[in-house]
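Structural overview for review
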Amino acid sequence: MPELPEVHTIASDLKTTIEGFRIDDVELEKGYKVYPTADYFAKTLVGAHVDKVGRIGKNIVLKLDSPNFLTFHLAMTGRLLLKDPTTPKALHQRLQLTLSNKGESVALRFCDARMFGKVSVWTGQELRKLKAKYGPDVLTQELLPQDFAARLKIKNTSVKNALLEQATVAGLGNIYATDALWLAKIHPETKTRDLDLQQATDLLKAAKDILAEGIAHRGSTLPDEAYVDVFGQPGHHQKYFRIYGKTFCPVCTTRVDYKKLNGRGTYFCPSCQK
DNA sequence: ATGTTTGTTCCGAT
DNA sequence: CATCGGAACAAACA
């Protein structure tokens, strides 16, 4: 997916475009599964207004003017697109919400080639449960270096794996975690229990910096264009990757090492990252 | 044909 | 019972 910067970009664009809009219609593609059920879905959404748009980890959250919340998780290949309702169905379109406000009408389309993504409606209580499954957001100021260090320390795995676990901290995915470790000069296979407070502090700052950059660049779009923003436009952060996908370290020009960690492609500089 | 892929969840092993 | 890592989910592309 879309990691935190891409999800953030989508949520903030939806905030300025569809807050206050009424959901007039829900069109589910045949055979596409939503949660809890298609019937409940249509019944709960039609007629509701989008009150607020936000984010929990990598979930985009639409707070409705009813006791309900609509969430989108894009997983690897999910997209949310805003289109004129009269335009043809998007590629791999799974769900469309038609929204309107003051005579203006717009289609919010959820598309997902691989169907790892999820669209759900939750009650307030259920949403709190969802939120409880996530650790603190990497970008929240409330996450202090000491807390971050403690959260890492209790894991019995490599720092790279721990960073990808949303229950440890929320928001990082494979690309930004890889670059954050490079920026903090920490080897991805370092056991979390071997990290000292200074390293954890450096890593948290690196992660915040990398994510903030990603947001400033409106996310990363790889050659397959799995991620584009709600207007169909690519992000730019892929031009600023530090080590992800690189052959040579941008600082010391050492040849980059590539290794699979828990099945995820991991790039690191064997010279800078000890 | 084989190996890749921005994510998460489930299951078996420990 | 808790935790970890690999497989699975499924499609497009090189």
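A short note on the pairing of strand E3 (residues 59–64)
Burial analysis of E3 places five of its six residues in the buried class, which makes it a mostly covered element. One ladder, built from six bridges, connects strand E2 (residues 50–56) with E3; its direction is antiparallel. Paired with Ile56 across the strands is Asn59, a residue of E3. Between the antiparallel neighbours E2 and E3 lie two residues, among them Gly57 with a positive phi of about 55 degrees. Across five bridges, the pairing between E3 and strand E4 (residues 68–73) is antiparallel. By the bridge assignment, Asn59 is partnered in E4 with His73. Connecting E3 to the antiparallel partner E4 that follows it, the hairpin turn spans three residues.

Let's talk about the packing of helix H4 (residues 145–153) against helix H7 (residues 197–216)
In contact at an axis separation of 9 Å, H4 and H7 are set at 110 degrees when each is read in the N-to-C sense. One element, H4, and the other, H7, form an angle in the roughly perpendicular class. Along the contact surface, H4 presents Pro145, Gln146, Phe148, Ala149 and Leu152, while H7 presents Leu197, Ala200, Thr201, Leu203 and Leu204. A class-by-class count of the residues in the contact of H4 with H7 yields eight nonpolar, two polar and no charged.

Considerations on the sheet that holds strand E5 (residues 78–83)
If you trace the four strands from one edge of the open sheet to the other, you get E1-E6-E7-E5, paired in antiparallel fashion. Strands with a single pairing partner mark the edges of an open sheet, and in this sheet they are strand E1 (22–28) and E5. Ignoring which end each strand starts from, the neighbouring axes of this sheet average 20 degrees apart. Inspection of the sheet shows E1 paired to strand E6 (residues 93–101) by six bridges, in the antiparallel sense. Looking at E6, one finds that Leu28 is bridged to Leu95. In the packing of helix H1 (residues 4–18) onto the sheet, contacts are made with E5, E6 and strand E7 (104–112), and the angle to E5 comes to roughly 25 degrees.

Let's talk about the environment of Phe231
Structurally, the position occupied by Phe231 is in the loop between H7 and strand E9 (257–261). Distance in space between the C-alpha atoms of Phe231 and Phe268 is 34 Å, their sequence separation being 37 residues. Residues in contact with Phe231, not counting those within four places in the same chain, are Asp13, Thr17, Leu82 and Arg218.

Comments concerning the packing of aromatic side chains
Under the defined criterion, the tally for this structure stands at five aromatic pairs. Ring centres of Tyr244 and Tyr267 lie 5.1 Å apart, and the angle between their planes is 65 degrees; on these two criteria the pair is classed as edge-to-face. Of this pair, Tyr244 sits in the loop between H7 and E9 while Tyr267 is found in strand E10 (residues 264–268), placing the two residues 23 residues apart along the sequence. No difference in accessibility class separates Tyr244 from Tyr267, as the two residues are buried. Linked through ring pairs, Phe241, Tyr244, Tyr258 and Tyr267 together constitute an aromatic cluster. Residue placement shows Lys118 over the ring face of Tyr35; its charged tip is 5.2 Å from the ring centre.

A word on the protein's contact with DNA strand C
Around DNA strand C, the structure places His92, Ala113, Arg114, Phe116, Lys155, Asn156, Thr157, Asn161 and Asn262. The sugar-phosphate share of atoms of DNA strand C within 4 Å of the protein amounts to 58%. The backbone of Asn156 places a nitrogen or oxygen atom 2.6 Å from a phosphate oxygen of DNA strand C. With respect to DNA strand C, the side chain of Asn262 contributes an N or O atom lying 3.4 Å from a phosphate oxygen. Of the residues contributing to the surface near DNA strand C, the split by class is two nonpolar, five polar and two charged.

What to know about the domain arrangement of chain A
A common way to express how large an interface is: the accessible area buried when the components associate. What the domain assignment lists for chain A is domain 1 (4–132) and domain 2 (145–241). Taking the mean C-alpha position of each, domain 1 and domain 2 sit 26 Å from one another. A per-residue breakdown of the area domain 1 buries against domain 2 is headed by Pro5, Glu6 and Arg79, which together make up 32% of the total. Our enumeration of links across domain 1 and domain 2 arrives at one salt bridge.

Here we look at the pattern of salt bridges
Between side chains of opposite charge, a pair can form as their charged atoms come close. Inspection of every chain in the model, using the stated rule, returns 11 salt bridges. Lys155 is paired through a salt bridge with Glu165; the nearest N and O atoms lie 2.6 Å apart. A residue pair is termed long-range when its members are at least 10 positions apart, and Lys155 in the loop between H4 and helix H5 (159–164) and Glu165 in the loop between H5 and helix H6 (174–183) qualify at 10 residues. When its relative accessible area of 31% is taken as the criterion, Glu165 is described as partly exposed. The salt bridge involving Lys205 is made with Asp209; its shortest N-O contact spans 2.7 Å. Of the two residues, Lys205 and Asp209 both sit in helix H7, four residues apart, roughly one turn of that helix. Look at the salt bridges and you will find they share partners, linking Asp13, Arg218 and Asp229 into a network.

Each value, and the rule that gives it
Residues numbered from 1 in each chain as written. Chains lettered and ligands numbered in written order. Predicted model: local features only at pLDDT ≥ 70, side-chain atom pairs only at ≥ 80, totals over all residues. Heavy atoms only, no water. Buried < 20%, exposed > 50% of the residue type's maximum accessible area, 1.4 Å probe, protein only. Helix = DSSP H or I, 4+ residues; strand = E, 2+ residues; numbered from the N terminus. Pairing = 2+ DSSP bridges. Axes fitted to C-alpha atoms, helices over the stretch in contact; angles between N-to-C directions. Parallel < 35°, antiparallel > 145°, perpendicular 65-115°, else oblique. Contact = heavy atoms within 4.5 Å. Nonpolar A, V, L, I, M, F, W, Y, C, P; charged D, E, K, R; others polar. Phe/Tyr/Trp six-rings, centres within 6.5 Å; stacked < 30°, edge-to-face > 60°. Lys NZ or Arg CZ within 6 Å of the ring centre and 35° of its normal. Near = heavy atom within 4 Å. Polar contact = N/O pair within 3.5 Å; in protein donor to acceptor, adjacent residues only side chain to side chain. Domains from an automatic or database assignment. Buried area = accessible area lost by both parts, 1.4 Å probe. Salt bridge = Lys/Arg side-chain N within 4 Å of Asp/Glu carboxyl O.

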